Amino acid sequence: MKVTPWEVEGKIDYDRLIKEFGTKPITSKILKRIEKHTGELHYLLRRGIFFCHRDLDWLLDKYENGESFYLYTGRGPSGYTHLGHLIPWILTKWLQDKFDAELWFQLTDDEKFLFNQKLDIEDAKKYAYENALDIIALGFKRGKTFIFTDTDYSGELYPQAIKVAKKITFSTAKAVFGFKNESNIGQIFFTSMQSVPAFLPSVKKGKNIPCLIPLAIDQDPHFRVARDVLPKLGFYKPAIIHSKFMPSLSEGGKMSASDPQSCIFTTDTPGEVERKIWNAFTGGRGSLKEQKEKGGNPDICPIYQYYYFLFEQDDKKLKEIYNSCRSGNRTCGECKRELIDRINSFLKKHQERREKAKKVLDKFILKS
Ligand code: TRP
């Protein structure tokens, strides 16, 4: 297993990540505390897809004492958005609605340029604004949602980033991110850019505002560093909730935009979706006869995981899918057919909203 901000490989052991990263599991106790304020629990929380955190209890203490928080998350624009990217954003949207919180959304075009040998900065920028359409399509509130690319908002970000950079030594950056002498110096500096939105609203408002960052667990190392540095600059440490990765359509691993067959993009056509799902790996048996006799294995099946992560939000119905697979009543063909229909109806609506987003894009974008 390998989990770094730039590479995720192998079978992910989430309990081991909690230990190695030093995060806290999201317990039923803390979920009840959230539910007290939200009235219900989002399926991503209920199912443990968001599975660990840092300082969520502190954030709730603050909230209960009348200090409301803002949300911060981001995306490295190296390509079109795929369904896995949507997972943290979907919870972020729910949190925005429930807590009436601002969202600061960073698009790290600089990062993708610096870390990806083949991507030039114009392409990263182009993808950044493509990805922004998906963010807006999810329904984030206008006037409370601020989306920016690092290069176009650098006038605000850079003066803060250097304050962070001054407090991080090369040896810390090497230890946390594994940089080598051959690493380019932009990469070494980059983490300071990602830390800025965790305190920029506090700078702007002239007082400390708690920050909650929903993210996929691979991004945690950046904020381990930021959480060390920010108190030295007089700011709160950001709180974090971490999600699991939506799995790849091929066997094992997470969805990856660099392997287009392994994931569904929000821009895919119905035909592309159909082809990718038909070709996907499943937990099914070698023959229909064997499937009927022995049942399938949803635990290793990406098709089942798609229902679990996004396409069946009703726990009872999900359980039925699980059980009917195990018992051999549900064939992979039926299961795939149904999923294709669900994905395509989701994407049809999403793509319509994405088109509309083009008209309001400038209402969401910050530039300096
Ligand atoms: N580095 C992230 C990526 O490659 C993008 C990002 C920037 C981000 N700021 C963030 C992700 C805050 C989560 C939270 O995807």
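You'll find the structure just up there.
Residues numbered from 1 in each chain as written. Predicted model: local features only at pLDDT ≥ 70, side-chain atom pairs only at ≥ 80, totals over all residues. Heavy atoms only, no water.

What the second largest pocket holds in volume is close to 620 Å³. If you trace the second largest pocket, you find 24 residues lining it, with Lys11, Pro247, Asp299, Ile300 and Gln305 closest to the centre. Among the elements that line the lining of the second largest pocket, the one with the most residues is helix H15 (residues 302-311), at five residues. Tallied by class, residues from the lining of the second largest pocket come to 13 nonpolar, six polar and five charged. (1 Å grid on protein atoms, 1.4 Å probe; cavity = no way out; pocket = protein on both sides within 12 Å on 5 of 7 lines; lining within 4 Å. Points joined across faces, edges and corners; volume = space filled by probe spheres on them. Helix = DSSP H or I, 4+ residues; strand = E, 2+ residues; numbered from the N terminus. Nonpolar A, V, L, I, M, F, W, Y, C, P; charged D, E, K, R; others polar.)

With phi around 60°, Asp55 is a residue other than glycine that occupies positive phi space. Locating Asp55 in the fold gives a position in the loop between strand S4 (50-54) and helix H4 (56-64). Note on Asp55: relative accessible area 25%, which makes it partly exposed. (Buried < 20%, exposed > 50% of the residue type's maximum accessible area, 1.4 Å probe, protein only.)

Let us now look at the sheet that holds strand S8 (residues 211-216). Each strand in a sheet pairs with another by means of backbone hydrogen bonds, the pair being arranged parallel or else antiparallel. The seven strands are arranged S3-S4-S9-S8-S5-S6-S7 in an open sheet whose pairing can be described as mixed. Taken across any chain shown, the strands that pair with only one partner, and hence form the sheet edges, are strand S3 (24-25) and strand S7 (145-149). Strand direction decides the pairing type here: strand S5 (residues 70-75) and S8, joined by two bridges, are parallel. Paired with Leu71 across the two strands is Leu212, which belongs to S8. (Pairing = 2+ DSSP bridges.)

A few words now on the site of the ligand. Near the ligand there are 14 residues, and of these Tyr72, Gln106, Glu111, Gln194 and Gln219 occur at the shortest range. In this structure, a nitrogen atom belonging to the ligand sits 2.9 Å away from a side-chain N or O atom of Tyr72. The contact in question runs from an oxygen atom of the ligand to an N or O atom on the backbone of Gly76, over 3.1 Å. Isolated, the ligand exposes 370 Å² of accessible area, and the fraction of that covered by the protein chains is 92%. At the level of secondary structure, the elements contributing two or more residues to the shell around the ligand comprise S5, helix H6 (109-115) and S8. In terms of residues, the shell around the ligand owes the most to one element, S5, which gives four residues. Of the residues in the shell around the ligand, the class split is four nonpolar, seven polar and three charged. (Near = heavy atom within 4 Å. Polar contact = N/O pair within 3.5 Å; in protein donor to acceptor, adjacent residues only side chain to side chain. Areas by Shrake-Rupley, 256 points an atom, 1.4 Å probe, with all protein chains shown as cover.)

Another aspect to go through is empty space enclosed by the protein. Over the atoms rolls a probe the size of a water molecule, and in doing so it shows where empty space is left. Counting across every chain of the model gives three cavities of 30 Å³ or more. There is about 110 Å³ of room inside the largest cavity. Those elements giving two or more residues to the lining of the largest cavity turn out to be H15, helix H16 (315-326) and helix H17 (332-364). Residues belonging to the lining of the largest cavity are distributed by class as follows: eight nonpolar, seven polar and one charged. Roughly 70 Å³ of volume is contained in the second largest cavity. Around the second largest cavity, the lining residues are Ile34, Leu45, Leu56, Leu59, Leu60, Phe69, Leu95, Phe99, Leu212 and Ile241. Of all the elements in the fold, those that place two or more residues in the lining of the second largest cavity are H4 and helix H5 (83-99). Among the elements that make up the lining of the second largest cavity, the one with the highest residue count is H4 (three residues). Classifying every residue of the lining of the second largest cavity by side-chain character gives ten nonpolar, no polar and no charged.

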